[in-house]
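Inside the fold
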Amino acid sequence: MKLVTLTGEPWADYGLIDSGHGRKLERYGAYRFIRPEPQALWAPSSADWDAHAEFVPGSDEEGGGRWDYLKPTPREGWPLAWREVRFTAQTTPFRHLGFFPDMAPVWDWMRGRIDGMDSAECMNLFGYTGVGSLALAAAGAKVTHVDASKKSVMEGKANAQLSGMADKPVRWMIDDAMKFTAREVRRGRRYDGIILDPPKWGRGPNGEVWKLEEGLPGLIDDVAKLLDEDSRFLFLTVYAVRMSALAIGELVRQAMADRGGLVEAGELTVREEARGLALPTAIFARWSRD
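Residues numbered from 1 in each chain as written. Predicted model: local features only at pLDDT ≥ 70, side-chain atom pairs only at ≥ 80, totals over all residues. Heavy atoms only, no water.

**Observations regarding the side chain of Glu184**
Spelled out, the test is: Secondary structure is summarised from DSSP: a helix means a run of H or I of at least four residues, a strand means a run of E of at least two, and numbering begins at the N terminus for each. Whether a residue is buried, partly exposed or exposed follows from its accessible area with a 1.4 Å probe, protein chains only, as a fraction of its type maximum: under 20%, in between, or over 50%, in that order. Under this definition, polar contacts are N or O atom pairs within 3.5 Å; protein pairs additionally need one hydrogen-donor-capable and one acceptor-capable atom, and for neighbouring residues in sequence, both atoms have to be side-chain atoms. By the convention used here, residues are in contact when the closest approach between their heavy atoms is within 4.5 Å.
With respect to the secondary-structure elements, Glu184 resides in helix α4 (residues 177-187). By relative accessible area, Glu184 is classed as buried at 0%. A polar atom in the side chain of Glu184 sits 2.5 Å from the side chain of Tyr191. When neighbours within four sequence positions are excluded, Glu184 is seen to be in contact with Arg171, Arg189, Tyr191 and Leu226.

**Here's the deal with the pattern of salt bridges**
Stated precisely, the cut-off is as follows: Salt bridge, as used here, is a side-chain nitrogen of Lys or Arg placed within 4 Å of a carboxyl oxygen of Asp or Glu.
This structure, assessed with the given rule, holds 23 salt bridges. Between Asp18 and Arg275 there is a salt bridge; the shortest N-O distance is 3.4 Å. Note that Asp18 is positioned in strand β2 (residues 14-20) and Arg275 in the loop between β16 (262-271) and β17 (278-288), a separation of 257 residues in sequence. Asp18 gets classed as buried once you look at its relative accessible area, which sits at 3%. For Arg275, a relative accessible area of 38% corresponds to the partly exposed category. For the salt bridge of Asp228 with Arg190, the shortest nitrogen-to-oxygen distance reads 2.6 Å. Of this pair, Asp228 sits in the loop between α5 (212-225) and β15 (233-238) while Arg190 sits in the loop between α4 and β12 (193-196); the two residues are 38 residues apart in sequence, bridging distant segments of the chain. Classification of Arg190 by relative accessible area gives partly exposed; the value is 30%. Because the salt bridges share partners, they merge into one network encompassing Glu121, Arg171, Glu184, Arg187 and Arg189.

**Considering the side chain of Thr92**
Along the chain, the position of Thr92 falls in the loop between β8 (85-89) and α1 (104-114). Overall, Thr92 belongs to the buried group, its relative accessible area being 13%. Setting aside residues no more than four positions away along its own chain, Thr92 makes contact with Phe55, Trp67, Leu97, Gly98 and Tyr128.

**Here we look at empty space enclosed by the protein**
For clarity, the cut-off: A 1.4 Å probe that fits into a set of points on a 1 Å grid over the protein atoms alone but cannot get out defines a cavity; an open set with protein on both sides within 12 Å along at least five of seven lines defines a pocket, and lining residues are those with an atom within 4 Å of a point. Grid points are joined across faces, edges and corners, and a volume is the space filled by probe spheres set on the points. Following the grouping adopted for this structure description, the nonpolar residues are Ala, Val, Leu, Ile, Met, Phe, Trp, Tyr, Cys and Pro, the charged ones are Asp, Glu, Lys and Arg, and the polar ones are all others, Gly among them.
Scanning the entire structure with this criterion turns up one cavity of 30 Å³ or more. Taken as a whole, the largest cavity holds about 140 Å³ of empty space. In terms of lining, the largest cavity is formed by 14 residues, of which the most central are Phe100, Trp107, Gly127, Gly132 and Asp197. Split into classes, the residues belonging to the lining of the largest cavity amount to eight nonpolar, five polar and one charged.

**Points about the sheet that holds strand β10 (residues 142-147)**
The line we're drawing: Strand pairing requires that DSSP identify at least two bridges connecting the strands. All axes here are fitted lines through C-alpha atoms, helices being fitted over the stretch that makes contact, and every angle between N-to-C directions spans 0 to 180 degrees.
With mixed pairing, eight strands are arranged side by side in an open sheet as β1-β16-β17-β15-β12-β9-β10-β11. The open sheet has two free edges, formed respectively by β1 (2-8) and β11 (170-174), since each of these has just one partner strand. Pairwise comparison of adjacent strand axes, ignoring direction, gives a mean angle of 20 degrees for this sheet. As paired strands, β12 and β15 are joined by four bridges and run parallel to one another. Within β15, the position partnered with Ile194 by the bridge is Leu234. Docked against the sheet, α4 engages β9 (121-125), β10 and β11, running at close to 155 degrees with respect to β9. Seen against the sheet, helix α6 (residues 245-255) touches β1, β15, β16 and β17 and runs at an angle of roughly 15 degrees to β17.

And the structure:
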């Protein structure tokens, strides 16, 4: 197993401006936001941060809190773009803004794995608002997008419309990820690529409880059954838990042991514009065909 680091570079509609003292300052289009960031142990480049809003975290296990608005900010959201994909950014009660910008290098990597295929079949588990699904669809993939939140799936469909991709072959599924994956295994389905970005804790549409440490091993076992010797990739990201990249890398290595290919694990990071340093945001493990 190889250890690697994936670093997201700034792009026109997103950048990590500065970080330090447990916070980060980011730009999302024309707006700037301050959010908590425990990994930013160092001092910031500047003590004077000019932001439209700052997220003040709560004390609950689900990561809630509130936004302190310092300047006029469109609460209904505003449009952003990554490559061909258009989507709506919006302040949410859970500190993020409707998508995860550190996933940009993952989107590029997945697209590279299916490059040249006539009709790749991919699945996005815990797909949220669909930016990753649309990134794959724009590259020619047929995508099954699965999320337990009806609101998130509706936002994904709206992002597809905004991107001019409403006619792309994306199956938008409101379902529990574990139950859906188990049914796909029973159906004998296969995929060329699967990405999953499970939360630390969550609930399915029928009240199913998801706890990462308990559910992940079984889910990875089922996901592996949907991939075969001709599949191209599996990508797993994990946020905000006491778990190592080596641990999830070994989980993926064992699940994919009979498929050959390469297993890598490491950290997702974002490049800070002020000094060029890399801010860690998550751990990941991935499998790909040689």
